[in-house]
Amino acid sequence: MNERMGYLRKKAMSLPLTPGVYIMKNKSKEIIYIGKAKALKNRVSQYFGSQNNHTLKVRKMVENVDDFDFILCDSEFEALVLECSLIKQHTPKYNILLKDDKGYSYIKIENGGWKNFRVVFQRDDEKAKYIGPYMSSAGLSAAVDRAKKIFGIPQCNKRFPAEYGKSRPCLNHAIGQCSAPCAGKITREQHNINVDRALEFITHGSEKVIRELTEKRMQASENEEYEKAASIRDTIRAINRISDSQKVVAAPVKEQDVFAVVTASQGLNPKACLSVLRFENYRLFDSEHFIIDLPEDMSAARYEFIRSYYSMRDKVPPRIAVDGEVEDSDLLSEWLSSLAGRKVTIALPQRGEQHSLVEMCRSNAAEKLALYMGRTGKSTAALDELGQMLGLSRPPEFIESYDISHTAGTNNVAGMVVFRNGLPCKKAYKRFSIKGFSGQDDYASMAEVMDRRLTEYEQNKDSGEGFGRLPDLILLDGGQGQVNAVLPVLKAHGINVPLFGLVKDSHHRTRAVAASGGEISFTSKRAAFTLCSTIQEEVHRYSVAYHHTKNRKSAVSTTLTRIDGVGETRAKALLKHFKTVKAISEATEEELSEVKGMNKNAAKAVYEAFHS
């Protein structure tokens, strides 16, 4: 507990109800958090009131606050501008800031008679010429690679003119991606012309280069320089071929950025991944991702992500598409518009091509996060989507699912399957025989199973394993009736675990998720739908398999108990000893009498039953 809480609360209550920026400091007078507020008194006093409603991150920050300053502003927008400026200047510990650790990239042009160029991260040669800086090293490297392939620039480490004409051409020459100066296939003058064209292609784009090359091709044809015209024609075709391959991922908007966040609650240090896809001229030209600690408020986190991202960027597109709600989106849009010098829109697509781009961005984030955490991208995306769909605070790491199986009320059983991080955890599967009643009552059966499972938890919770660990989500095979039957059991045990049902359609396929207040449709949540379908099919398979086993044992047991002198106990003993009815039928009277619980008369009765 912060010893200065009383002083801080009193100071916060004396603040005015006007817009402004507040600056939290620790005992060393170091700035640890900067925020903006529409009404300073209301916002700052929340920090020093009850701590029960705060997230863990906020509680830790408040514990370290020794004092705070504030700056009054004329409007909330002015407060946002000042907040962004101060955060960029001081980089406080508790502000969400994306660390741009990639640095700047340059194109270094080397001219030792034979020109060449490559991507570098530092300007370390005063004699060389540089183009840049560029923010995205990945995008620049891809552009340089494309340009070298189109214009036949060598991509090997050979030095010219020292190695000119001294070796055989490589495979790149055979597939038209290198002019092979190593084999003397091109002059220095033509090579340098190709380098200049490649640099023009990188810096000004393919449209301008194609336009200029087309003019030169026509001129060469008029001058009857047919070999030169054919060479230029091949270069134009190579540019178009590469450009077409880049249009595989196209956007309906000429220029925009797409943001998506995927979270994973695995382990003691849960993480999230922010992915950004950047589009120019209707096509994808760059992507970035950032791994951060798991945020507790996604709406506020998206606001911080976007604000931090464009605080590090010189260019803001006219449209930003996001995968969820953004706190103060209108205010953030106004600030971005002031940076760009034109209107910037923040959109949340619900359907169509734009929604597909957001989903693609989410898939990219899921793959990056899965790689970071050692999981599969599909399961990461599905769990994140399911968590959002059901309104969970974080994606469920452990999911338990239950199903009841019986034949007209006989041999009632239940199966419990466990999925960890979206994958079956078969060693944690459990089977239950319904004992509380006989007959058919799926609701009572489900309630009994849950009561027995939670009783086991109370007895084993110190172990933290198996039944001693609670799941993050419980899914019942059934609709609202099953959910309503089990909710009182959870309440009676004082357990607060999200509980939903999996509803099937007339073809016995997963249709929706049932809650206590109705149904939740999967709509466009394809990854979540696939995961829930898999879980429902698995728990149904497991419970039915157990029911069939019980039926077989029941039938076998009935065969034995029809013999005089053999009851349930002796029938079980015989099956345990001989494993099968066939083995029992082939046993001698002496072998039968040696089974625990059997005597000579019972052994004789069993032997005669199979040999009469």
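One structure accompanies this document, and this report is about it. (Residues numbered from 1 in each chain as written. Predicted model: local features only at pLDDT ≥ 70, side-chain atom pairs only at ≥ 80, totals over all residues. Heavy atoms only, no water.)

Some words on the packing of aromatic side chains
Cut-off, in case you're wondering: For Phe, Tyr and Trp, where Trp contributes only its six-membered ring, two rings pair if their centres lie within 6.5 Å, and the inter-plane angle classes them as stacked under 30 degrees, edge-to-face over 60, or tilted in between. Counting from the N terminus, the helices are the DSSP runs of H or I reaching at least four residues and the strands are the DSSP runs of E reaching at least two. Type-normalised accessible area, obtained with a 1.4 Å probe on protein chains alone, sets the label of each residue: buried when under 20%, exposed when over 50%, and partly exposed for intermediate values.
For the structure shown, the criterion picks out 15 aromatic pairs. Taken together, a centroid distance of 6.2 Å and an interplanar angle of 35° make the contact between Y22 and Y33 tilted. One end of the pair, Y22, is in strand β1 (residues 20–25); the other, Y33, is in strand β2 (residues 31–37), and eleven residues separate them in sequence. For Y22, a relative accessible area of 1% corresponds to the buried category.

A word on the side chain of N26
Rules: In protein, a polar contact means a hydrogen-donor-capable atom and an acceptor-capable atom, both N or O and within 3.5 Å, with residues adjacent in sequence counting only if both atoms are side-chain atoms; elsewhere, any N or O pair within 3.5 Å suffices. Whether two residues are in contact is decided by their heavy atoms: any pair within 4.5 Å suffices.
Take N26: it is sitting in the loop between β1 and β2. A polar atom in the side chain of N26 sits 2.9 Å from the backbone nitrogen of E30. If we ignore the near neighbours within four places in the chain, the residues touching N26 are I32, N64 and D66.

Regarding the pattern of salt bridges
It is possible for side chains of opposite charge to pair when their charged atoms get near one another. Definition in use: By convention in these notes, a salt bridge is any Lys or Arg side-chain nitrogen within 4 Å of a carboxyl oxygen on Asp or Glu.
Considering all chains together, one arrives at 24 salt bridges under this definition. Linking D67 and K11 is a salt bridge whose minimum nitrogen-to-oxygen distance equals 2.8 Å. Of the two residues, D67 is situated in strand β3 (residues 67–72) and K11 in helix α1 (residues 5–13); the sequence distance between them amounts to 56 residues. Close ionic contact of K29 with D66 constitutes a salt bridge, the shortest N to O distance being 3.8 Å. With K29 in the loop between β1 and β2 and D66 in the loop between α3 (56–63) and β3, the pair connects residues that are 37 residues apart, well separated along the chain. By relative accessible area, K29 is classed as exposed at 53%. Judged by relative accessible area, which is 13%, D66 ranks as buried. Among the charged side chains, a salt-bridge network with shared partners connects R302, D323, R362 and D384.

Structural notes on the sheet that holds strand β7 (residues 256–264)
Pairing between the strands of a sheet comes from backbone hydrogen bonds, and it takes one of two forms, parallel or antiparallel. The following threshold applies: Paired strands, in this sense, are two strands between which DSSP finds at least two bridges. To obtain each axis, a line is fitted to C-alpha atoms, and for helices this fit is confined to the stretch in contact; angles are then taken between N-to-C directions over 0 to 180 degrees.
Strands sit in the order β9-β8-β7-β10-β11 across an open sheet of five strands; the sheet is mixed. For this open sheet the edge positions go to β9 (283–293) and β11 (345–347), each flanked by a neighbour on one side alone. In this sheet, adjacent strand axes meet at a mean angle of 20° when their direction is disregarded. Judged from the ten bridges that link them, strand β8 (residues 271–280) and β9 form a sheet pairing that is antiparallel. Residue pairing for β9: S275 is matched across the bridge by H289. Packed on one face of the sheet, helix α10 (residues 298–311) meets β7, β8, β9 and β10 (319–321) and runs near 135° to β7. With respect to the sheet, helix α11 (residues 329–340) is in contact with β10 and β11, its orientation differing from that of β11 by roughly 140°.

Topic: α10
The line we're drawing: A helix's residues, less one, multiplied by 1.5 Å, set its expected span.
Taking 1.5 Å per residue, 14 residues should reach 20 Å; α10 reaches 20 Å between its end C-alpha atoms and fits that length. In terms of burial, α10 is largely enclosed, as twelve of its 14 residues are buried. The complete set of buried residues in α10 reads A300, A301, R302, Y303, E304, F305, I306, R307, S308, Y309, Y310 and S311. Here α10 starts with a cap whose side-chain oxygen sits 3.2 Å from the backbone nitrogen of S299, and that cap is D297.

Observations concerning the environment of L574
Here L574 lies in helix α17 (residues 568–578). Here the alpha-carbon distance between L574 and D477, two residues 97 residues apart in the chain, equals 36 Å. Leaving out residues up to four positions away in the same chain, L574 has contacts with K579, I584, L592, V595, M598 and V606.

Here's the deal with the environment of R362
Tracing the chain through its elements places R362 in helix α12 (residues 352–373). Placed 102 residues apart in sequence, R362 and G464 show a C-alpha to C-alpha distance of 33 Å. Not counting residues within four places of it along the chain, the set of residues in contact with R362 comprises A260, V261, V262, D323, A381, D384, E385 and Q388.

Geometry only, nothing functional implied.
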